[in-house]
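Take a look at the letters that make up each chain.
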Amino acid sequence: MKVFSGVCASPGLVIAPLRRLYRASPTLSRIIEEPHQERARLEASLALAREELQNLEDTAGDQGSKDIFFFQSCLLEDEGFLDDLQACIEDGAGAACAVEQTGRKNADRLRALQDNEYMQLRAADILDACRRVVDILDGRPHRKPSLDHPVILACEMLLPSDLVNGANGMIRGAVTVQGSPQSHAAIIARSMGIPGIVRLGPDFLEDCDGHIAILDGDVGTLTLDPTPEARQDAVRRICAAQAKTDTLDAVRALPCRTRDGQPFTLWANCFGPEDISAALDAGAAGVGLVRSEYLLMQGGAPDEQAQTDFYAACLKAAGGAPVTVRTFDVGADMTTRPLADPEPNPELGLRGIRFCLAHPDLFEAQLCALLRAGHEGPLSVVLPMISCTEDWARTMSCVEHAKNSLRRRGIPFAEDLAFGITLETPAACLEASLFPPLGCRFFVLGLNDLVQYTHAADRNVSLLSPYYQTGSPAIRRLIAMSVEAASAANIPISANGLALEKPEISLMCLLQGIHQFSLTAQHILTVKQALVSADSGTLARVTSVM
Ligand code: PEP
Ligand code: MG
């Protein structure tokens, strides 16, 4: 028995034989045709690869995975990338070789961006998309590893399609020599519930094929050739985890109250109508956040009518439960950054409401659509990155402008649509009390950003995680000020952010007077379990050790 340690990338415990994944090497027997023929072959294979990626996007289980395949398909349409391919073919390369060279060059370029971990990780997507095209050009069927029994995949580095192509649920775990928990492959592993560990070092790969292993994604260990006792212990823990799932089912039926009777509400963060009903099934009482900027990733802003239909469809999927839509939070994240002008530091730039105020036509279409959809059901609208009252005032003039436009056109809308703000900068928390007198109807604490801006620690850079402190005294003081401002004005305050997935952070917020939480659907029941079994004693204990 030998134990290897790495970095946790996807939680869970599994016992299965390892299956080493070998990447196919370039085909030696490629015959290079005339450039115009190579160009034609390239065009056809790019089209087929994009079609495959579209299928993967359509069938992916969650929005995060869909976005990854959408991102890869965009790469294959990128003008600069296509120009590079053409140049290689002009220089006499065959289509497959051109794709390999260009893919490697672009991936290396991203990897070289030392201070941009996110872009470095995206290099894997370029390689994955290019490998798909090369496989088509080389006439290799897009291989699903033929697996007839459950395995733990082992390889140097995992690419997103390695997991998606290994159909039939036979991939029970994944371990890699390199990689990062933020990689797209890790995101997909988490969304598929496949436990995973990265950065295990090269030694375990030697002669691992077929050996039994225990992968513990919660602590980041791979136990190769476990003893009978270690295997028994793993099986016992797997069964206990199973029972926990049954307990969670029972939790679903319980009322949302702590042991000493404090009520709370759990909402879900959703991307659109497709995942809203799943979130309600998982126990959500409504939708606390629709990240509307994902609408823009489909290549530009949908028009007012299309957006009205989208927001109305969200309300319909929620079946009468409340839905809060966040106006476009464009700018900081990679997916929407191409829409904004290049900035030296986008996190501190023209993101969120600042971007919308700088693009009045885009914003007006969204506001008109929200006002119209608000006529159909319990909709409210939250404004991201408001950090001063001037931006609130400017936003409210845009709302008035949108209302006047709808009046002129004789279109019915929700005259009294509720607008609130996300408290995600220290400035907004410190000045929170100034907003309700100006018409702000609710607050949403955005912990992801509030922690990043308070502690000056980029949320995407894992090196900075020691500084990214969600339960710090500074954050608790900002939460306390926000809660006080909400209660003085008698308006609701809810909390949002990945940190809430840790029950101790939800408990901390509850102790501080927040009773509404919005989470990803898969964490609703675990957080509910922690909250229903807490009382004021538990709450005090949790926060005293922070
Ligand atoms: C937040 O900042 O906590 C939040 C929910 O917004 P996002 O993660 O989309 O920036
Ligand atoms: Mg935010």
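Look up: the structure comes first, before these words.
The text that follows walks through the structure, step by step, so that each part is easy to find. (Residues numbered from 1 in each chain as written. Chains lettered and ligands numbered in written order. Predicted model: local features only at pLDDT ≥ 70, side-chain atom pairs only at ≥ 80, totals over all residues. Heavy atoms only, no water.)

Within the structure shown, the criterion is met by 0 disulfides. Between C8, a cysteine without a disulfide, and C155, which holds the nearest cysteine sulfur, the sulfur-to-sulfur distance is 17 Å. Lacking any disulfide linkage, C356 is separated from the closest cysteine sulfur, that of C398, by 8.9 Å. For C356, a relative accessible area of 0% gives the class buried. (Disulfide = S-S within 2.5 Å. Buried < 20%, exposed > 50% of the residue type's maximum accessible area, 1.4 Å probe, protein only.)

Another point: the sheet that holds strand 5 (residues 171-176). Strand order in the open sheet formed by 8 strands is 1-8-7-3-4-5-6-2, and the pairing between neighbours is mixed. Strands with a single pairing partner mark the edges of an open sheet, and in this sheet they are strand 1 (2-5) and strand 2 (7-10). Strand-to-strand, the axes of this sheet are offset by a mean angle of 30 degrees, without reference to chain direction. (Pairing = 2+ DSSP bridges. Helix = DSSP H or I, 4+ residues; strand = E, 2+ residues; numbered from the N terminus. Axes fitted to C-alpha atoms, helices over the stretch in contact; angles between N-to-C directions.)

Note that strand 9 (residues 265-270) and strand 16 (residues 516-519) share 4 bridges and pair parallel. Residue pairing for strand 16: W267 is matched across the bridge by S518. In the classification by handedness, the crossover that spans strand 15 (residues 493-496), the intervening helix 17 (residues 503-511) and the parallel strand 16 is right-handed. (Right-handed = clockwise from strand over helix to strand, strands pointing away.)

Summarising the metal site, the magnesium ion (ligand 2) is bound by the protein donors E424 (OE) and D449 (OD), whose distances to it range over 2.1 to 2.2 Å. Placement of E424 in the loop between strand 13 (418-423) and helix 14 (426-430) and of D449 in helix 15 (residues 447-454) is noted, with a sequence separation of 25 residues between them. E424 gets classed as buried once you look at its relative accessible area, which sits at 2%. Overall, the relative accessible area of 3% leaves D449 in the buried class. (Donors = N, O, S within 2.8 Å, 3.2 Å for Na, K, Ca; no water.)

This next bit is on the packing of aromatic side chains. Taken as a whole and assessed by the stated rule, the structure comprises 2 aromatic pairs. Plain terms: the ring middles of F310 and Y311 are 5.6 Å apart, the flat faces sit at 75 degrees to each other, and that makes the pair edge-to-face. Of the residues examined, F310 reaches a relative accessible area of 16% and is grouped as buried. (Phe/Tyr/Trp six-rings, centres within 6.5 Å; stacked < 30°, edge-to-face > 60°.)

Before going further, it helps to spend a moment on the site of ligand 1. Around ligand 1 sit R291, R326, R351, E424, G446, L447, N448, D449, R459, N496 and G497, and those are all the residues in its vicinity. G446 has a polar backbone atom sitting 3.5 Å from an oxygen atom of ligand 1. Contact with the protein chains covers 93% of the free accessible surface of ligand 1, which is 290 Å². Per element, the largest residue contribution to the shell around ligand 1 is 3 residues, and it comes from helix 15. Per-class residue counts for the shell around ligand 1 are 1 nonpolar, 4 polar and 6 charged. (Near = heavy atom within 4 Å. Polar contact = N/O pair within 3.5 Å; in protein donor to acceptor, adjacent residues only side chain to side chain. Areas by Shrake-Rupley, 256 points an atom, 1.4 Å probe, with all protein chains shown as cover. Nonpolar A, V, L, I, M, F, W, Y, C, P; charged D, E, K, R; others polar.)

The next point concerns helix 12 (residues 360-373). Compared with the 20 Å implied by 1.5 Å per residue over 14 residues, the 20 Å span of helix 12 between its first and last C-alpha is a close match. Of all 14 residues making up helix 12, 11 are buried, and the element is well covered by its neighbours. Among the residues of helix 12, F363, E364, A365, Q366, L367, C368, A369, L370, L371, R372 and A373 are the ones counted as buried. Considering only its buried residues, helix 12 is in contact with helix 10 (304-318), strand 11 (323-326), helix 11 (353-358), strand 12 (379-383), helix 13 (389-409) and strand 13. (Expected span 1.5 Å × (residues − 1). Contact = heavy atoms within 4.5 Å.)

Moving on, we come to the side chain of T176. Note that T176 resides in strand 5. Ignoring any residue separated from it by four or fewer positions in sequence, one finds T176 in contact with C155, E156, M157, L158, I197, V198, R199, L200 and F204.

Take the pattern of salt bridges next. As enumerated under the stated definition, the model contains 18 salt bridges in all. Salt-bridge contacts for E90 lead to R39; the nearest nitrogen and oxygen are separated by 3.3 Å. Within this pair, whereas E90 is found in helix 3 (residues 79-90), its partner R39 is found in helix 1 (residues 35-59), the two being separated by 51 residues in sequence. Measuring nitrogen to oxygen at the nearest pair gives 2.6 Å for the salt bridge that ties D216 to R237. Here R237 lies in helix 8 (residues 228-253) and D216 lies in strand 7 (residues 212-216), a separation of 21 residues in the sequence. On the accessibility criterion, D216 (7% relative accessible area) is buried. Look at the salt bridges and you will find they share partners, linking E293, R326, D329, E347, R351 and D449 into a network. (Salt bridge = Lys/Arg side-chain N within 4 Å of Asp/Glu carboxyl O.)

We now examine the nonpolar core. Counting residues in hydrophobic clusters, the biggest one holds 81 residues, and the most contacted among them are F443 and F517. Here the element with the most residues in this core is helix 12; it accounts for 7 residues. In contact with F443, not counting residues within four places along its chain, are I421, L423, A432, F435, P436, S482, A485, A486, I491, P492, I493 and S494. Core analysis: the second largest hydrophobic core is formed by 37 residues, L53, A123, A129 and A174 among them. (Core = buried A, V, L, I, M, F, W, Y, C linked by side-chain atoms within 4.5 Å.)

Glycine aside, residues mostly have negative phi angles, and peptide bonds mostly take the trans form. With a phi close to 60 degrees, M385 is a non-glycine residue in the positive phi region. Looking at the element boundaries, M385 is found in the loop between strand 12 and helix 13. Given the relative accessible area of 2%, M385 is considered buried. Positive phi, close to 60 degrees, is recorded for N490, a residue that is not glycine.

A few words now on the environment of L222. Tracing the sequence through the fold places L222 in strand 8 (residues 221-224). For L222, a relative accessible area of 0% puts it in the buried group. When the C-alpha atoms of L222 and V14 are compared, they prove to be 9.8 Å apart, with 208 residues separating the residues in sequence. Apart from the residues within four sequence positions on either side, L222 is in contact with K2, V3, F4, L18, V175, I197, L200, F204, A213, I214 and L215.

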